[in-house]
Each structure stands twice: as C-alpha cells, then as structure tokens.
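An overview of the molecular structure
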Amino acid sequence: MQIATSLFYDSAAKRMSSLTSRANALQTQIATGKRIQSPSEDAALAQQTAEFDRKDADTAMYQTNLKLAGSLLDQADGVLTNINTQLQRAKELTTQAANGTQTAESRMLIGVELTAIVDSLVSLANTRNLRGQPLFGTEDGTMAVTKTGDTSFSFAPTKVSDIPIGDGMSMSATESAGKIFADDGNGNSNLRMLAELAKSLSDGNAPGATSLDDITKMSDTVSFVQASVGARGARVELQQNILQKASDDRAALRSSVEDVDITSAVTEMQKIMTTLSATQASFTKLASLSLFDYLR
C-alpha cells in the first residue's frame, strides 16, 4: 500500500509538473511571439537566426552605402549638367567670335566672358560633396582643379574610391576632374584649350579653325562621363531594389522558422490548462480519500 501510494503521488506530481512547464513555455512564446527564448533550446534554429542577423546587418550597411553613392552620383550628375551648360554658352560665344563682322574690340569682350566661363568651370569642378569633401577631388581635401597660370591647370591625382554595395560588389560614386576635362598628365587638357582660346580672344584675335570642334569634343567628353554617372545611378536603384526584395524574403523565411503560431499556441494553452485543472481536481479528490472510503 505504501508503494502504491508513493507511485500515485509521484505520477501525479510529474504529470502536473510537465503540464505546468509546458503551459509556462507556451505563455512565454505567446508573450514574445518567438518559438525559442535561448540558443540552448534549439541550437540549429539559433544558428539559423544568427545567420539572418548577419545578413540583415550586411544589408543595412549596403543600403547605407547605396544611399550615399546615390546622393554623390546625383550631385555629380547635376554638376556635369551645369558644366555642359557653360560649354554650350562657350560654343555660342566662339560662333559669334568667328563671325567676320566682329571687331578686335568685340572679340575682346567675348574673350572676357569666355574667361569667366573657364573660371566657372574650375569652380564647378571644385564643388564639395555632402560630406564637405571635394566632389571630384581627393578624400584628404585636395581640390580637383587648381589654376596655376592664365592657361595652365593642375589636376588632383584622384583615385576614385569604390563603395561596397553588395557581397563581392562595389562601385565608384564619382569621377575625377582629370577624366572630365581629358587631362593627359602632361599639362594638356580641354580646360587648357578653352583657357587659351579665351586668352586669344581677349587679345582681339579671331578663334582658330578648329576651336568650335574642340569645344564640341570637350562637351562630348563631359557628356560621356555624365552618361557613365547616370548608368551607375540606375545601378544603385536596381541594387537597392534587389537588396530590399532579398530582405523581405529573408524576413518572411525568418518569421516562418522563428515566430510562433499565436492561434495554435493559445489553443494548445487552453487545452493544457483544462487538462491541468482536471488533473489537479482529480488528484485533490483522490488524495483526500481514506482507507474507510475504499472499504465502503
């Protein structure tokens, strides 16, 4: 009789303890919305969610880089548009200066305006980006273009840094002034050509036979660089969409493996509480019976 009583109490205690533990676990899952609360509960799932966290962190970094790259490329595109606007005016002035009705004095006035355009191009080339650094210069603050004489210029030896935008992917978010103005590294550039034309006109001379073609080629070079910048801007938008889609898919997958089904959990909780209540009631009733109750 003592053995039977001991087994009865042990069995009932284990039954109620198991139900209570499961009820507590379900209550925590319902409160947090997560299947597990610590890695020890499911090592495989914990490792999978840790990988999700790593990829989410990488995506956040890449999205930040893409936002920066997009801003820099948009700014570069706007500056290049302004440069080409100035070059269009330079073409108009050169066409006027080539007119046989122009006098030396009128060509001098045209030369003065063309010199102002050259100065404007230098100023545009030295535009600072949103971080306060030269847009086409160097990260240490060196300006993109420095005027070293009436018709001579030096260009910063810009090494355009690549910005990581994805696993194994990076892109350049700007351009060098040397490329924009076709600097050959020996003091020759489109900017020098335009400055020499401005000086010649300021001296009252007529433009050379190839001057208009030279400015057209200069404008074409700027347009080519701008097209490259625009293509990279489109790539930024595409990569942002790709990363966002991957992030959404990953969130859905994470939810499917990590989140608890609240409806199912609540239903199971109700069943366990009903079973636990019945078990406790039965245990209380049976435990209160005496030997005389059994002998009746």
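Below: a short report on this structure. (Residues numbered from 1 in each chain as written. Predicted model: local features only at pLDDT ≥ 70, side-chain atom pairs only at ≥ 80, totals over all residues. Heavy atoms only, no water.)

Let us now look at helix α3 (residues 104-125). The terminal C-alpha atoms of α3, which comprises 22 residues, lie 31 Å apart, in line with the 32 Å expected from a rise of 1.5 Å per residue. Among the structural elements, α2 (43-97), β1 (145-147), β2 (153-155), α5 (190-202) and α6 (211-258) are those in contact with the buried residues of α3. (Helix = DSSP H or I, 4+ residues; strand = E, 2+ residues; numbered from the N terminus. Expected span 1.5 Å × (residues − 1). Contact = heavy atoms within 4.5 Å.)

Turning next to the side chain of R254. Topologically, R254 is positioned in helix α6. Among the residues examined, R254 registers a relative accessible area of 16% and is labelled buried. Looking at R254, its side chain comes within polar contact range of the side chain of D53, at 2.7 Å. (Buried < 20%, exposed > 50% of the residue type's maximum accessible area, 1.4 Å probe, protein only. Polar contact = N/O pair within 3.5 Å; in protein donor to acceptor, adjacent residues only side chain to side chain.)

Our next topic: the packing of aromatic side chains. Pairs of aromatic rings are described using the distance from one ring centre to the other and the angle between the two planes. In the structure shown here, the tally under the stated rule is one aromatic pair. On the basis of an interplanar angle of 45° and a centroid distance of 6.4 Å, the ring pair of F155 and F181 is categorised as tilted. Taken together, the residues F155 in strand β2 and F181 in the loop between α4 (177-180) and α5 connect sequence positions 26 residues apart. Of the two residues examined, F155 and F181, each falls in the buried class. (Phe/Tyr/Trp six-rings, centres within 6.5 Å; stacked < 30°, edge-to-face > 60°.)

Counted according to the given criterion, the structure contains 13 salt bridges. The closest approach of N and O atoms between R254 and D53, which form a salt bridge, is 2.7 Å. In this pair, R254 is assigned in helix α6 and D53 in helix α2, connecting sequence segments 201 residues apart. Assessed through its relative accessible area of 40%, D53 is described here as partly exposed. Two residues, K245 and D249, come together in a salt bridge whose shortest N-O distance is 2.8 Å. Here the residue K245 and the residue D249 both occupy positions in helix α6, the gap between them amounting to four residues, near one helical turn. Bridged by salt links that share partners, the residues D53, D56, R250 and R254 form one connected network. (Salt bridge = Lys/Arg side-chain N within 4 Å of Asp/Glu carboxyl O.)

Below, the discussion takes up the pairing of strand β4 (residues 169-172). Pairing of strand β3 (residues 162-166) with β4, which is carried by four bridges, proceeds in the antiparallel orientation. Bridging across to β4, D162 finds its partner in S172. The hairpin formed by β3 and β4 contains two residues between the paired strands, and G168 there has a positive phi angle of roughly 75°. (Pairing = 2+ DSSP bridges.)

Two elements in contact, α2 and α3, have axes separated by 10 Å at closest approach and are oriented at 165°. Looking at the two axes, α2 sits roughly antiparallel to α3. Seen from above, α2 lies across α3 with left-handed handedness. Mapping the contact onto sequence places V79, N82, I83, Q86, L87, R89, A90, L93, Q96 and A97 in α2 and R107, I110, E113, L114, I117, S120, L121 and L124 in α3. (Axes fitted to C-alpha atoms, helices over the stretch in contact; angles between N-to-C directions. Parallel < 35°, antiparallel > 145°, perpendicular 65-115°, else oblique. Left-handed = near helix turned anticlockwise from the far one by under 90°.)

Distances and angles like these do not, on their own, reveal function.
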